[in-house]
Amino acid sequence: MKKSLVIISFAAVTALTGAARAEDDCYVPMADWQPRAAVAQLAESKGWTVRRIKIDDGCYEIKGQDADGRRIEVKLDPATLDVLEIEYEDEEHRYRDRDHDRRKDE
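None of the values given here were measured: they were computed from a predicted structure.

**What about the environment of C26?**
Of note, C26 is situated in the loop between α1 (2-22) and α2 (36-45). Since its relative accessible area comes to 9%, C26 is described here as buried. Counting along the chain gives 53 residues from C26 to A79, while the straight-line C-alpha distance between them is 9.4 Å. In this view, C26 contacts D57, G58, C59, L76, D77, P78 and L84; residues no more than four positions away in its chain are not counted.

In structure tokens, the structure reads:
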């Protein structure tokens, strides 16, 4: 009985964790993606220095620095190039901003 309860609990936690991670994924057909050059152009227009552009969980991800020199990781929707998440990093802190675009419009 205890073994079954442990297995069920583990399965529930695993499912919830997987669902939380799935929210960070982008599900866009490749035919609808903006080109990598458009990602670089967007970064330049925002004053970001790009160190690397890669694909992570089906989204574009930029690693580099913002206009203030802070290290950043930015996740973009590959079709619209909307900013989905920004992570700012410095020597002591790491700050994640998932609602970047939503707050900008309010």
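**Things to note about the side chain of E61**
Tracing the chain through its elements places E61 in strand β2 (residues 59-65). When neighbours within four sequence positions are excluded, E61 is seen to be in contact with R52, I53, K54, D56, E73 and V74.

**Quick notes on unusual backbone geometry**
Within the chain, D57 stands out as a residue other than glycine whose phi angle is a positive 55 degrees. Locating D57 in the fold gives a position in the loop between β1 (49-56) and β2. Residue classification places D57 among the partly exposed positions, given a relative accessible area of 40%. Of note, L81 is a non-glycine position whose phi angle comes to about 60 degrees, a positive value. With respect to the secondary-structure elements, L81 resides in the loop between β3 (71-76) and β4 (83-89).

**Let's talk about the pattern of salt bridges**
Under the criterion given, the structure shown has four salt bridges. E61 is paired through a salt bridge with K54; the nearest N and O atoms lie 3.7 Å apart. Notably, a salt bridge pairs E73 with K63, separated by 3.8 Å at the nearest N-O pair. A residue pair is termed long-range when its members are at least 10 positions apart, and E73 in strand β3 and K63 in strand β2 qualify at ten residues.

**Topic: the side chain of K75**
On the secondary structure map, K75 appears in strand β3. Other than its neighbours up to four places away in sequence, K75 contacts D24, D57, C59, Y60, D82, V83, L84 and E85.

**As for the confidence of the model for the protein**
With 62% of its residues at a pLDDT of 70 or more, the protein has an overall mean of 79. In the model, residues 13-22 has pLDDT below 50 throughout and makes one contact with residues more than four positions away in sequence or in other chains.

**A look at α2**
Within α2, burial applies to A38, V39, L42 and A43. Viewed along the axis of α2, the buried residues span an arc of 140 degrees, placing them on a single side of the element. Away from its buried face, by an angle of more than 90 degrees, α2 presents the exposed residues A37, Q41, E44 and S45. G47 sits one or two positions beyond α2 and adopts a positive phi of about 80 degrees.

What counts and how
- Residues numbered from 1 in each chain as written.
- Predicted model: local features only at pLDDT ≥ 70, side-chain atom pairs only at ≥ 80, totals over all residues.
- Heavy atoms only, no water.
- Helix = DSSP H or I, 4+ residues; strand = E, 2+ residues; numbered from the N terminus.
- Buried < 20%, exposed > 50% of the residue type's maximum accessible area, 1.4 Å probe, protein only.
- Contact = heavy atoms within 4.5 Å.
- Salt bridge = Lys/Arg side-chain N within 4 Å of Asp/Glu carboxyl O.
- pLDDT = per-residue confidence, 0-100.
- Arc of directions from axis to C-beta.

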